[in-house]
Amino acid sequence: MKYALCTISFRHGLVSFGSLVEFATQQGFNGIELWGAHASYLAGEEQERTKEQLRIMHSRGLRITMISDYLDIASEERFPATVERLRGLAALARWFGADRIRTFAGASPSMNVKAAERKQYAQRLRKLCEICSDNGLKLLVETHPDTLADQLDSVRLLVDEVGHESLGINLDFLHLWEAGDDPLVSYQQLKPWVQHFHLKNVSSADRLGVFQPNQVYSASGDRDGIVTLGEGALEYRPIIEAIEQSGLYASLEWFGPQPYRALSQDIAWLRGIAGEEKHNASSKAPIPAC
């Protein structure tokens, strides 16, 4: 199994890309998933330093696995701006050597979207897929609440509605579990389109609200209930056993405090499940406290 860390986990800290490359190497990660805002900054304001860090990454066998962003498909009026945004993201993906761009399928619960509106969403996603195809990229829709990919049946329908080979799924197991779907059944049914995984956990179902955008993106948001993979309400061991031979990347998405420490604990736990040899702790640099 290949694991990546998400730079969004460090969205509220003053952390350099070089520091993340070193941490990823020390902890045995296989790649880094770049948040779109971070990708834009690094390729613009820190271009030369970033080139050097990418060279170091590649020499160590690590890569940028995906650029994660948010493409607005809810409005025909705003869609031209969305197209231009995607073209910019495609250029960034090529610059970083990534072949996947992650987005959400709208911003409304699937049960609230009428058939005619849903058809328009699918048509816009197909147009975005065409742009990705022209650039040798996959467009991955994430399984996420309050989108057209918020539960299994709607995700399967969306794949058919878009009908483009460049459309893939970024499977977030916690969010499908949140919708009441069985994570393993969901994976089996979506497997032909799954291109990437997101892994995170919560202490109990009544704390899932900590992952709402107003919490996640606020520096003072509630973090109570965000726990490491092995400590949460969703049992990840059978999930990891089911996906470990997929050859895909799974990104560890951490939205709580002390990201270095939590991600270090998570990847050690995951490698333990796979029976892989753990890194000798004495050979690692100290884990930063932030």
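All values derive from a computational prediction rather than experimental measurement. (Residues numbered from 1 in each chain as written. Predicted model: local features only at pLDDT ≥ 70, side-chain atom pairs only at ≥ 80, totals over all residues. Heavy atoms only, no water.)

1. A word on the nonpolar core
Then, in step 1: Counting residues in each nonpolar core, the largest one holds 89 residues, and the members touching the most others are Tyr-3, Phe-96, Leu-128, Phe-173, Phe-197 and Leu-199.
Then, in step 2: Setting aside residues up to four positions removed in sequence, Phe-173 forms contacts with Pro-183, Tyr-187, Phe-197, His-198, Leu-199, Leu-234, Tyr-236, Ile-239 and Ile-243. (Core = buried A, V, L, I, M, F, W, Y, C linked by side-chain atoms within 4.5 Å. Buried < 20%, exposed > 50% of the residue type's maximum accessible area, 1.4 Å probe, protein only. Contact = heavy atoms within 4.5 Å.)

2. Focus on the side chain of Thr-50
Then, in step 1: Take Thr-50: it is sitting in helix α3 (residues 47-59).
Then, in step 2: Looking at Thr-50, the relative accessible area reads 2%, which means it is buried.
Then, in step 3: Here Leu-42 takes part through its backbone oxygen, which lies 3.1 Å from a polar atom of the side chain of Thr-50.
Then, in step 4: The residues contacting Thr-50, other than those within four sequence positions of it, are Phe-17, Leu-42, Trp-95 and Phe-96. (Helix = DSSP H or I, 4+ residues; strand = E, 2+ residues; numbered from the N terminus. Polar contact = N/O pair within 3.5 Å; in protein donor to acceptor, adjacent residues only side chain to side chain.)

3. As for the packing of aromatic side chains
Then, in step 1: Inspection of every chain in the model, using the stated rule, returns eleven aromatic pairs.
Then, in step 2: Measuring from ring centre to ring centre gives 5.7 Å for Tyr-187 and Phe-197, while their planes differ by 65°; the resulting arrangement is edge-to-face. With Tyr-187 in helix α8 (residues 183-190) and Phe-197 in strand β7 (residues 194-199), the pair connects residues that are ten residues apart, well separated along the chain. No difference in accessibility class separates Tyr-187 from Phe-197, as the two residues are buried.
Then, in step 3: Summarising the aromatic geometry, the rings of Phe-211 and Phe-255 are spaced 6.2 Å apart at their centres and angled 65° between planes, so their arrangement reads as edge-to-face. Taken together, the residues span a long stretch of sequence, with Phe-211 in the loop between β8 (201-202) and α9 (213-216) and Phe-255 in the loop between β10 (249-252) and α11 (259-273) at a distance of 44 residues.
Then, in step 4: On the accessibility criterion, Phe-211 (7% relative accessible area) is buried.
Then, in step 5: Among the aromatic side chains, those forming a connected cluster through ring pairs are Phe-10, Phe-23, Phe-29 and Tyr-260.
Then, in step 6: Over the ring of Phe-211 we find Lys-200, and its NZ or CZ is 5.5 Å from the ring centre. (Phe/Tyr/Trp six-rings, centres within 6.5 Å; stacked < 30°, edge-to-face > 60°. Lys NZ or Arg CZ within 6 Å of the ring centre and 35° of its normal.)

4. Observations regarding the environment of Pro-259
Then, in step 1: Tracing the sequence through the fold places Pro-259 in helix α11.
Then, in step 2: Residue Pro-259 is classed as buried on the basis of its relative accessible area, which comes to 11%.
Then, in step 3: Residues Pro-259 and Leu-229, 30 residues apart in the sequence, show an inter-C-alpha distance of 13 Å.

5. Some thoughts on α3
Then, in step 1: Between its first and last C-alpha, α3 extends 18 Å over 13 residues, near the 18 Å set by a 1.5 Å rise per residue.
Then, in step 2: Taken together, the buried positions of α3 are occupied by Thr-50, Gln-53, Leu-54, Ile-56 and Met-57. Looking down the long axis of α3, one finds its buried residues gathered within 160° of arc, a one-sided arrangement. Of the exposed residues in α3, the ones pointing more than 90 degrees away from its buried face are Glu-48 and Ser-59.
Then, in step 3: Contact partners of the buried residues in α3: α1 (17-27), β2 (31-35), α2 (36-44), β3 (63-68) and α4 (79-96).
Then, in step 4: Backbone geometry just after α3 places Gly-61 at a positive phi near 85°. (Expected span 1.5 Å × (residues − 1). Arc of directions from axis to C-beta.)

6. Overview of the pairing of strand β6 (residues 167-172)
Then, in step 1: With respect to burial, β6 is a largely interior element, six of its six residues being buried.
Then, in step 2: With burial as the criterion, each face of β6 is covered, one bearing Leu-167, Ile-169 and Leu-171 and the other bearing Gly-168, Asn-170 and Asp-172.
Then, in step 3: Sheet topology places strand β5 (residues 138-142) next to β6; four bridges connect them, and they run parallel. In the sheet register, Leu-139 faces β6, and the bridge partner there is Leu-167.
Then, in step 4: In this view, the connection linking β5 to its parallel neighbour β6 by way of helix α6 (residues 152-162) has right-handed handedness.
Then, in step 5: Pairing of β6 with β7 involves four bridges; the strand directions are parallel. Across the sheet, the residue bridging to Asn-170 is His-196, located in β7. (Pairing = 2+ DSSP bridges. Right-handed = clockwise from strand over helix to strand, strands pointing away.)

7. Concerning the UniProt feature "domain: Xylose isomerase-like TIM barrel" (unreviewed entry) in the protein chain
Then, in step 1: Per the UniProt record, "domain: Xylose isomerase-like TIM barrel" (unreviewed entry) is found at residues 22-271.
Then, in step 2: The distance from the first to the last C-alpha atom of residues 22-271 is 19 Å, and the span holds 46% helix and 16% strand. (UniProt positions renumbered as here; feature names shortened; annotations may be inferred.)

8. A word on the confidence of the model for the protein chain
Then, in step 1: When pLDDT is averaged along the protein chain, the result is 93; 95% of the residues meet or exceed 70.
Then, in step 2: Across residues 277-285 the pLDDT falls below 50, and counting only partners more than four positions away or on other chains, this stretch makes nine contacts in the model. (pLDDT = per-residue confidence, 0-100.)

9. Overview of the pattern of salt bridges
A side chain of one charge can pair with a side chain of the opposite charge when the charged atoms of the two come close.
Then, in step 1: The final tally for this structure, using the stated rule, is 16 salt bridges.
Then, in step 2: With a closest N to O distance of 2.8 Å, Glu-161 and Arg-118 form a salt bridge. Of this pair, Glu-161 sits in helix α6 while Arg-118 is found in helix α5 (residues 115-134), placing the two residues 43 residues apart along the sequence.
Then, in step 3: Judged by its relative accessible area of 8%, Arg-118 is buried.
Then, in step 4: As a salt-bridge pair, Lys-200 and Glu-253 come within 2.9 Å of each other at their nearest N and O atoms. (Salt bridge = Lys/Arg side-chain N within 4 Å of Asp/Glu carboxyl O.)

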